[in-house]
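Listed below are the residues making up each chain.
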Amino acid sequence: MPELTRKHFNELTENNENLNHNLKLYIKLVKNLQDENEKYKTEILKLNHKISKLENDESNKLGLLLNLEHLIKEYRED
């Protein structure tokens, strides 16, 4: 087994520091991506809610139109 020299020890220490630094950057990146993902999820939920309200409004409008049409037919028959 080769002898561990001061140079090797310094290289290993530097490599370890670089790995730790890169790991911290990676963790920060993952956290930022999770935050962005949560923002998008929230926006999508808001949009889905708005779309659902619009769809309900449209079906209500259609229902009102059908009722109005029915009332007009009844009025014409009388």
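Look up: the structure comes first, before these words.
Below, the structure is looked at part by part.

### Regarding the overall build of the chain
Helices and strands together make up the secondary structure of the chain, namely one helix and zero strands. Here the C-alpha atoms of the chain give a radius of gyration of 33 Å, more than 25% beyond the 12 Å that 2.2 N^0.38 yields for 78 residues. Averaging the coordinates of the 13 positive side-chain charges in the chain and doing the same for the 15 negative ones gives two points 7 Å apart.

### Thoughts on the pattern of salt bridges
Considering all chains together, one arrives at four salt bridges under this definition. Lys39 is the salt-bridge partner of Glu36, the closest N and O atoms lying 3.3 Å from each other. With Glu36 and Lys39 both in helix H1 (residues 6–77) and three residues apart, the pair spans about one turn of that helix. For Glu43, the salt bridge goes to Lys46, with nearest N and O atoms at 3.7 Å. Placement of the pair is Glu43 and Lys46 together in helix H1, with a separation of three residues, close to one helical turn.

### Brief notes about the environment of Asn16
Its location among the elements puts Asn16 in helix H1. Spatially, the C-alpha atoms of Asn16 and Leu29 are 20 Å apart, while their sequence positions differ by 13 residues.

### A word on a nonpolar patch on the surface
On the surface, a nonpolar cluster with roughly 530 Å² of combined accessible area is contributed by Leu23, Tyr26, Ile27, Leu29 and Leu33. Position of Leu23 among the secondary structure elements: in helix H1.

What counts and how
Residues numbered from 1 in each chain as written. Predicted model: local features only at pLDDT ≥ 70, side-chain atom pairs only at ≥ 80, totals over all residues. Heavy atoms only, no water. Helix = DSSP H or I, 4+ residues; strand = E, 2+ residues; numbered from the N terminus. Rg over C-alpha atoms; globule rule 2.2 N^0.38 Å. Lys, Arg positive; Asp, Glu negative; His and termini not counted. Charge placed at Lys NZ, Arg CZ, Asp CG, Glu CD. Salt bridge = Lys/Arg side-chain N within 4 Å of Asp/Glu carboxyl O. Patch = residues over 30% accessible without salt bridge, like charges linked within 9 Å, V, L, I, M, F, W, Y side chains within 5 Å. Areas by Shrake-Rupley, 256 points an atom, 1.4 Å probe, with all protein chains shown as cover.

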